[in-house]
Amino acid sequence: MDNNTPTVKRSFVFYLVPDFSLIAFATAIEPLRLANRMLGYQAYSWRIASFDGSPVMASNGIEVSATATLEEERRNLAGEKRPSMVFVCSGVNVETHAQKSVHAWLREVHNRNISVGGLCTGAYVLAAAGLLSGRRCAIHWEDLPGFSEKFPLAEVYADLYETDDNIYTCAGGTASLDMMLNLIGEDHDDNLVNRVCEQALTDRVRNPHDRQRLPLRARLGVQNSKVLSIIELMESNLSEPLSLLEIADYAGLSRRQIERLFRQEMGRSPARYYLEIRLDRARHLLIQSSMPVVEVAVACGFVSASHFSKCYRELYGRSPQQERADRKQLLTSAA
């Protein structure tokens, strides 16, 4: 390449799904814009697509204009406007906006050896298109329970972002920034990445495997290391809950010691706390997936749907069926 003739390193298509996450979308595009500015030429180009070319409303109510339709982007795959990367940007209610034609387009994109990715809950769309079976992917921690139940063949992690077989996924939020900075670093060097970071007022590029959520110590305000290790054990065993005896054996404490520690640190018994985090996962599954209530119960370690419903009503003041019905009514009214 002639050093005096700068070329575009990558051209992107960002496909917007209604209710997409604006922060995930913006933090994906902004580092590309800043890289172009620092380089002094257009190393990166992008265009915005939607299903019919109409503006798409983000989850915060802001509309973003599209420059192409899905059909136009499908034709572009074989022409001069063929992109080097396609990203699906979605957010809340991703399951309600499923489009088989979008899934077919994404499969065609992948089959043509064009990189494909998902921002925020975009991994859901890629998985529905059949692109994530046996592949590592990342999705927002709040959506992980429902995603893993619906797509058991996908290797989903609560990482910031993942890359597997030319497929890029990130958990959304500011994780898009880290993923794009990593791409810029692959194309150029650390010096450019550092200059973009300085412009964006961020002090570093996070590791893809950095945790999404605050550590338990900060999130719960708990300092006792034994209690924290027990809670981590509980969160890792929700579908098949451990007995207090098994937990005590793992922690090297007596049952009485664990009971006393949880009363002091959490204000309730370990059994009660364990039940609450199982019910919290059940609530996410009811809201985020279409799994039958009985399957949600089993996935969260309940021996029967009736026992699950009883516990759920006691904690949340409504039945699992009411939770799902209220969610559907909210989505219908929003549409």
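Residues numbered from 1 in each chain as written. Predicted model: local features only at pLDDT ≥ 70, side-chain atom pairs only at ≥ 80, totals over all residues. Heavy atoms only, no water.

Engineer: Help me understand the pairing of strand 11 (residues 167-170), please; the structure alone is not making it clear to me.
Structural biologist: On a regular strand, one side chain projects to one face of the sheet and the next to the other, so that they alternate. Residues Ile-167 and Thr-169 of strand 11 are buried on one face, and the alternating residues Tyr-168 and Cys-170, pointing to the opposite face, are buried as well. Alignment of strand 7 (residues 115-119) against strand 11, held across 3 bridges, turns out to be parallel. Following the sheet pairing, Gly-117 is matched in strand 11 by Tyr-168. Relative to strand 11, strand 10 (residues 161-164) is paired through 4 bridges, and the arrangement is antiparallel. Counted as the bridge partner of Asp-164 is Ile-167 from strand 11. The antiparallel pairing of strand 10 with strand 11 creates a hairpin that spans 2 residues between the two strands, and Asp-165 there sits at a positive phi of about 55°. (Buried < 20%, exposed > 50% of the residue type's maximum accessible area, 1.4 Å probe, protein only. Helix = DSSP H or I, 4+ residues; strand = E, 2+ residues; numbered from the N terminus. Pairing = 2+ DSSP bridges.)

Engineer: Sorry, what's going on with the packing of aromatic side chains here?
Structural biologist: For any pair of aromatic rings, the description consists of the separation of the ring centres together with the inter-plane angle of the planes. Under the defined criterion, the tally for this structure stands at 13 aromatic pairs. Judged by centre distance (5.2 Å) and plane angle (80°), the ring pair of Tyr-124 and Phe-151 falls under edge-to-face. Taken together, the residues Tyr-124 in helix 4 (residues 122-128) and Phe-151 in the loop between helix 5 (144-150) and strand 9 (155-157) connect sequence positions 27 residues apart. An angle of 65° between the planes, with centres 5.7 Å apart, marks the rings of Phe-308 and Tyr-312 as edge-to-face. (Phe/Tyr/Trp six-rings, centres within 6.5 Å; stacked < 30°, edge-to-face > 60°.)

Engineer: Just to check I follow, could you spell out unusual backbone geometry for this structure?
Structural biologist: Excluding glycine, residues mostly carry a negative phi; peptide bonds, for their part, are mostly trans. In this model, Cys-120 sits at a positive phi of 60°, which is unusual for a non-glycine residue. Along the polypeptide, Cys-120 turns up in the loop between strand 7 and helix 4.

Engineer: Would you explain the packing of helix 6 (residues 175-187) against helix 7 (residues 190-200) in this entry?
Structural biologist: Two numbers describe a pair of packed helices, the interaxial angle and the distance between the axes. Contact geometry of helix 6 with helix 7 gives a least axis separation of 8 Å together with a crossing angle of 145°. Each of Leu-181, Ile-184 and Gly-185 in helix 6 lies in contact with helix 7, whose residues at this interface are Leu-192, Val-193, Val-196 and Cys-197. (Axes fitted to C-alpha atoms, helices over the stretch in contact; angles between N-to-C directions. Contact = heavy atoms within 4.5 Å.)

Engineer: When you look at the confidence of the model for the chain in this model, what are you seeing that I'm missing?
Structural biologist: Interpretation of this model should avoid reading the predicted coordinates in detail wherever pLDDT is low. Summary statistics for the chain give a mean pLDDT of 90 and a share of 93% for residues scoring 70 or more. Per-element confidence in the chain ranges from a low mean pLDDT of 64 for helix 8 (residues 216-220) to a high of 98 for strand 6 (residues 85-89). (pLDDT = per-residue confidence, 0-100.)

Engineer: When you look at the nonpolar core in this model, what are you seeing that I'm missing?
Structural biologist: Counting residues in hydrophobic clusters, the biggest one holds 38 residues, and the most contacted among them are Phe-14, Phe-25, Phe-87 and Leu-119. Where this core is concerned, the elements lending two or more residues are strand 1 (10-16), helix 1 (22-39), strand 2 (44-50), strand 6, strand 11, helix 6 and helix 7. Ranked by residue count, the leading element in this core is helix 1, at 8 residues. Non-local contacts of Leu-119, meaning those with residues more than four positions away in its chain, are made with Phe-14, Ala-24, Phe-25, Ala-28, Phe-87, Val-88, Cys-89, Ser-90, Cys-170, Ser-176 and Met-179. Residues Ala-123, Val-125, Leu-144 and Ala-154 belong to the second largest nonpolar core, which totals 32 residues. (Core = buried A, V, L, I, M, F, W, Y, C linked by side-chain atoms within 4.5 Å.)

Engineer: How do you make sense of the pattern of salt bridges when you look at a structure like this?
Structural biologist: When their charged atoms lie close together, side chains carrying opposite charge are able to pair. Applying the stated criterion to the full structure yields 18 salt bridges. Here Glu-186 and Arg-10 are joined by a salt bridge, their closest N and O atoms 3.5 Å apart. Here the residue Glu-186 occupies a position in helix 6, and Arg-10 occupies one in strand 1, the gap between them amounting to 176 residues. Of the residues examined, Arg-10 reaches a relative accessible area of 13% and is grouped as buried. In the salt-bridge network here, residues are joined through shared partners; they are Arg-10, Glu-186 and Asp-187. (Salt bridge = Lys/Arg side-chain N within 4 Å of Asp/Glu carboxyl O.)

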